[in-house]
Amino acid sequence: MSPGPRRRAALLALIRAFRPGTPGLGRRLAALPRMIMASIRGEYDGWPRLLLMAGAALYIVSPVDLFPELVFLAMGVIDDVFVATWLAGAVLSETERFLEWEKSRGRGPSVIDAEVLRS
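Just so we're clear, the structure is a prediction, and the values are computed from it rather than from any experiment.

This next bit is on the packing of helix 2 (residues 25-40) against helix 3 (residues 47-61). Their axes nearest at 10 Å, the elements helix 2 and helix 3 cross at an angle of 125 degrees. Between helix 2 and helix 3, the angle falls in the class oblique. Regarding helix 2 and helix 3, the two cross each other, and that crossing is left-handed. Here Met35, Ile36 and Ser39 of helix 2 come into contact with helix 3, specifically with Trp47, Leu50 and Met53. Here the residues of the contact of helix 2 with helix 3 sort into five nonpolar, one polar and no charged.

In structure tokens:
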């Protein structure tokens, strides 16, 4: 998949995260440690994307990235905004994919759909 569709998918995941019926932000973030562990154990195939996400996070907090920000001011910050947007979308899309993977294997936290009856 070329970078264009991946960026588009990440942005769409960012938008989809706030739609009703999709896993909420808290559920997605809670799935992140399970996703990392499942990838380390080789059960889940998300490790290449996790490495890219870790690289993006390191780029954002890296002191090496301060040079463009000091020299080019706004242009130096814009690249961080693009990387942070991609990172947020990638985390959301990958955790959504992981939650679907867990669900298809009958794993993950148990949630029961129910209604509260009041008398």
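This model, assessed by the stated rule, comprises three aromatic pairs. In this structure an aromatic cluster arises from ring pairing among Tyr44, Phe98 and Trp101.

Counting 13 residues, the largest nonpolar core has Met35, Ala38, Tyr44, Met53, Leu87, Phe98 and Trp101 as its most contacted members. Those elements giving two or more residues to this core turn out to be helix 2, helix 3 and helix 5 (74-104). Here the element with the most residues in this core is helix 5; it accounts for six residues. Residue contacts for Phe98: discarding those within four places in its chain leaves Ala31, Arg34, Met35, Ala38 and Tyr44.

Together, Leu66, Phe67, Leu70, Val71, Phe72, Met75, Ile78 and Phe82 make up an exposed nonpolar region whose accessible area comes to about 910 Å². Of all elements in the fold, only helix 4 (66-72) and helix 5 reach the threshold of two or more residues within the nonpolar patch. When residues of the nonpolar patch are assigned to their parent elements, the largest contribution, five residues, is made by helix 4.

As a further point, take helix 3. Given a rise of 1.5 Å per residue, 15 residues ought to cover 21 Å, and the 21 Å separating the end C-alpha atoms of helix 3 matches this to within 8%. Along helix 3, the residues classified as buried are Arg49, Leu50, Met53 and Ala56. Taken around the axis of helix 3, the buried residues stretch over an arc of 120 degrees, which confines them to a single face. More than 90 degrees from the buried face of helix 3, the exposed residues found are Trp47, Leu51 and Leu58.

Quick look at the environment of Met37 now. Note on placement: Met37 falls in helix 2. Sequence separation of Met37 and Trp47 is ten residues, and the distance between their C-alpha atoms is 9.8 Å.

What counts as what
Residues numbered from 1 in each chain as written. Predicted model: local features only at pLDDT ≥ 70, side-chain atom pairs only at ≥ 80, totals over all residues. Heavy atoms only, no water. Axes fitted to C-alpha atoms, helices over the stretch in contact; angles between N-to-C directions. Helix = DSSP H or I, 4+ residues; strand = E, 2+ residues; numbered from the N terminus. Parallel < 35°, antiparallel > 145°, perpendicular 65-115°, else oblique. Left-handed = near helix turned anticlockwise from the far one by under 90°. Contact = heavy atoms within 4.5 Å. Nonpolar A, V, L, I, M, F, W, Y, C, P; charged D, E, K, R; others polar. Phe/Tyr/Trp six-rings, centres within 6.5 Å; stacked < 30°, edge-to-face > 60°. Core = buried A, V, L, I, M, F, W, Y, C linked by side-chain atoms within 4.5 Å. Buried < 20%, exposed > 50% of the residue type's maximum accessible area, 1.4 Å probe, protein only. Patch = residues over 30% accessible without salt bridge, like charges linked within 9 Å, V, L, I, M, F, W, Y side chains within 5 Å. Areas by Shrake-Rupley, 256 points an atom, 1.4 Å probe, with all protein chains shown as cover. Salt bridge = Lys/Arg side-chain N within 4 Å of Asp/Glu carboxyl O. Expected span 1.5 Å × (residues − 1). Arc of directions from axis to C-beta.

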